[in-house]
Amino acid sequence: MEVPTSLYWHSWLAQKCRLLWLTLSSIETRVLQEELREIEVRQPIYIAGLARSGSTILLEILNDVPQTASHRYCDFPYLFTPYWTYWMQRRLGVSGSNKTERAHADRLQVSQTSPEAMEEVLWMHFFPGLHDRGAERGLVDLAIDNGFAQFYREHIQKLLLARGESRYLAKGNYNLGRLERLLSLFPDARFLVPVRRPVEHIASLVKQQQLFQRATTENPKVAHYLSWVGHFEFGIYRQPMAEGDSAAEIRACWREGDEVRGWALTWRNAYESVAARCSANPTLAKQTFFVRYEDLCRDSEQTLALVLAHCDLDPRSLRQLSERYAQSLTFPDYYRPSFTAAELAVIDEVCGPAAARFGY
């Protein structure tokens, strides 16, 4: 797990000059204003769930559907000027031909042009403190009028214009807590929430934390890069995807070395919360589709058909997608959960009622 030296220093420079890039973004918008008037942000698609729930493979699949445009690895660190950045990439010949297994060591092959979760960088700029260590994220008001809504819409328009596509596609784990905010910005948005059986999901989370903890401890550049790009799920800068008392309880578990209970509380908090919010909000419920990881692996074609229908995407893509991802849509064979009986009991105790809501 390495961060190339050039990428590290470009990222560092972008962090130090964010206000400059915001100014350049405004100039880019003014230059493109005539073209942007013709770009409608219609039915943006958001994939939001816990890490290790199947969100990345969903992103890759939907990114292969005509119409969709997503951020890519090569968009960072110059994310604030999506049109000019893409223009430069094409002239530099940035290619997706050289694929390697990603840092998660989970079989997924990625390249510079692979889709990736990147928009957290935008949220962090407009809402400082979202991921401050020890801060309660519930104190950050995402609805304040600080210019974000206009910037965000224009950013999506510029990305769509650059790619020549009509539907914005984004993966963002932290968007799971912002579905209502996104719905207020885009009333016709479509949400996909990947969910996975707790035992296997927590086993994967524990495995990833061990991997990233070691990497970020041994190589501070990796830790810095992850924080700059807005990934705080794993490693030495790990923060709970929770707020208030729930976050404090999870932190306490991790501090005491109880990884399993900490992750079980994270799972329960995330999925119990979104299920309850959908129950209380008929519009959110209608526009949210829960994608069970097991269904995606076991009955791929039917599950993808439901996903395409929910997102109002061309169903003619289904057969090609099913064939292309036949090898990827399988259960992991490179590790197995190895919990003790006591740990399994903790997972069942903490996650059981919430898991039952999803048929587990």
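Given the structure is predicted, the values throughout are model-derived calculations rather than measurements.

Peer 1: In this structure, what is going on with the pairing of strand E5 (residues 167-171)? I would like to understand it.
Peer 2: Within a regular strand, side chains alternate between the sheet's two faces. For E5, the tally of buried residues reaches five of five residues, placing the bulk of the element in the interior. Side-chain alternation along E5 places Arg 167, Leu 169 and Lys 171 on one buried face and Tyr 168 and Ala 170 on a second face that is also buried. One ladder, built from three bridges, connects strand E1 (residues 45-47) with E5; its direction is parallel. From the neighbouring strand, Ile 45 faces E5, where its bridge partner is Leu 169. Note: strand E2 (residues 68-69) against E5, two bridges, orientation parallel. Bridge pairing links Ala 69 to Tyr 168 in E5.

Peer 1: Is there a simple way to explain the packing of aromatic side chains in this structure?
Peer 2: Two descriptors summarise a pair of aromatic rings, namely the distance from one centre to the other and the angle between the planes of the rings. Throughout the structure, instances matching the rule amount to 24 aromatic pairs. Three or more aromatic residues link up through ring pairs in this structure, and these residues are Phe 80, Trp 123, Phe 126, Phe 127, Phe 148, Phe 151, Tyr 152 and Phe 186. The ring of Tyr 293 carries the charged tip of Arg 196 above its face, separated from the ring centre by 4.4 Å. Directly above the ring of Tyr 8 sits Lys 221, whose terminal nitrogen or CZ lies 5.3 Å from the centroid.

Peer 1: Which parts of the structure should I look at to understand the sheet that holds strand E7 (residues 288-292)?
Peer 2: Hydrogen bonds along the backbone pair up the strands of a sheet, which may run parallel or antiparallel. Here five strands make up an open sheet; going across it, the order is E2-E5-E1-E6-E7 and the pairing parallel. Edge strands, defined here as strands with exactly one partner in the open sheet, are E2 and E7. Of the strands in this sheet, E1, E2 and E5 touch helix H7 (residues 148-163), which is tilted by about 110° from E5.

Thresholds applied
- Residues numbered from 1 in each chain as written.
- Predicted model: local features only at pLDDT ≥ 70, side-chain atom pairs only at ≥ 80, totals over all residues.
- Heavy atoms only, no water.
- Buried < 20%, exposed > 50% of the residue type's maximum accessible area, 1.4 Å probe, protein only.
- Helix = DSSP H or I, 4+ residues; strand = E, 2+ residues; numbered from the N terminus.
- Pairing = 2+ DSSP bridges.
- Phe/Tyr/Trp six-rings, centres within 6.5 Å; stacked < 30°, edge-to-face > 60°.
- Lys NZ or Arg CZ within 6 Å of the ring centre and 35° of its normal.
- Contact = heavy atoms within 4.5 Å.
- Axes fitted to C-alpha atoms, helices over the stretch in contact; angles between N-to-C directions.

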